[in-house]
2 protein chains.
Amino acid sequence: MVTMLDVTDVSAGACCAPLVREPLTAAEAEQLAATMKALADPARLRLLSIVAASEDSEACVCDLTEPIGLSQPTVSHHLKILTTAGFLTRSKRGTWAYFKLVPGALDRISQLLVAS
Amino acid sequence: MVTMLDVTDVSAGACCAPLVREPLTAAEAEQLAATMKALADPARLRLLSIVAASEDSEACVCDLTEPIGLSQPTVSHHLKILTTAGFLTRSKRGTWAYFKLVPGALDRISQLLVAS
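Per an unreviewed UniProt entry, chain A goes by ArsR family transcriptional regulator and derives from Microbacterium immunditiarum.

This is how it looks when you write it as structure tokens:
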């Protein structure tokens, strides 16, 4: 029996029936596709990798615009999508917003793809 | 040093510098995003999971339209995207095309996402 995947918010302890073990239901596929769409963008993948490779897996938005070469509103837009999808959390300190990788969020997606 | 990822065709022995270890380059992010876009669609995820869960990880296109509830041209379109991205191989036998999961293709994407 497949437990309903809650992968729209990957931080919410998603179950992990791998993609390859049995056919996904339509609802599971919709949710997983939505989560993967949040990742399937070059700017968002780069932002996520910069945050993930930063000390404590956290970075200030002020340090994210320059390496990506996009405007701050555009970067903020992408960060919001990653936050809504459960890959990042946002906290405000003084003037700036800081984004931190959600522990295990990428691992959960990863586990859905592997064969065992 | 990051070796250039060849993730447009995930079957081509992609290197595996994980996303979280160091920032992706623009080129790496473009390639990984293109591969993830091939997956980030509900119909394609369902097709892939049906093929993967089939005997020998192979299925006839004739058995894929009914469970997905889409027309054969639409299903063929999605299967072509999955094949081009390196997740499936296609072989013709008699009237029908058969699609087979490429061993390791999903694992390679999975490995890019995990922390270690």
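From this point, things continue past the structure.
As a further point, take the state of the cysteines. All names here are of chain A. All told, the structure shown has two disulfides over all chains when counted by the stated rule. For Cys60, the disulfide goes to Cys62, at an S-S distance of 2.2 Å. Around the S-S axis, the bridge from Cys60 to Cys62 shows a dihedral of about 130° and counts as right-handed.

So, about the pattern of salt bridges. All names here are of chain A. In this structure the tally under the stated criterion is two salt bridges over all chains. Residue Glu58 is joined to Arg93 by a salt bridge in which the shortest nitrogen-to-oxygen separation is 2.6 Å. Remark: Arg93 occurs in strand 2 (residues 88-93) and Glu58 occurs in strand 1 (residues 58-60); sequence separation between them is 35 residues. Given the relative accessible area of 41%, Arg93 is considered partly exposed.

As a further point, take the sheet that holds strand 2 (residues 88-93) of chain B. All names here are of chain B. Judged by pairing direction, the sheet is antiparallel, and its three strands sit side by side in the order 1-3-2 without closing on themselves. Only two strands of the sheet have a single neighbouring strand rather than two, namely strand 1 (58-60) and strand 2. In this sheet, adjacent strand axes meet at a mean angle of 25° when their direction is disregarded. Pairing geometry for strand 1 and strand 3 (residues 96-101), over three bridges, is antiparallel. Note on strand 3: the bridge partner recorded for Glu58 is Lys100. Running at roughly 85° to strand 3, helix 2 (residues 42-53) makes contact with strand 1, strand 2 and strand 3 of the sheet.

Here is what the cut-offs are and how they apply
- Residues numbered from 1 in each chain as written.
- Chains lettered and ligands numbered in written order.
- Predicted model: local features only at pLDDT ≥ 70, side-chain atom pairs only at ≥ 80, totals over all residues.
- Heavy atoms only, no water.
- Disulfide = S-S within 2.5 Å.
- Salt bridge = Lys/Arg side-chain N within 4 Å of Asp/Glu carboxyl O.
- Helix = DSSP H or I, 4+ residues; strand = E, 2+ residues; numbered from the N terminus.
- Buried < 20%, exposed > 50% of the residue type's maximum accessible area, 1.4 Å probe, protein only.
- Pairing = 2+ DSSP bridges.
- Axes fitted to C-alpha atoms, helices over the stretch in contact; angles between N-to-C directions.
- Contact = heavy atoms within 4.5 Å.

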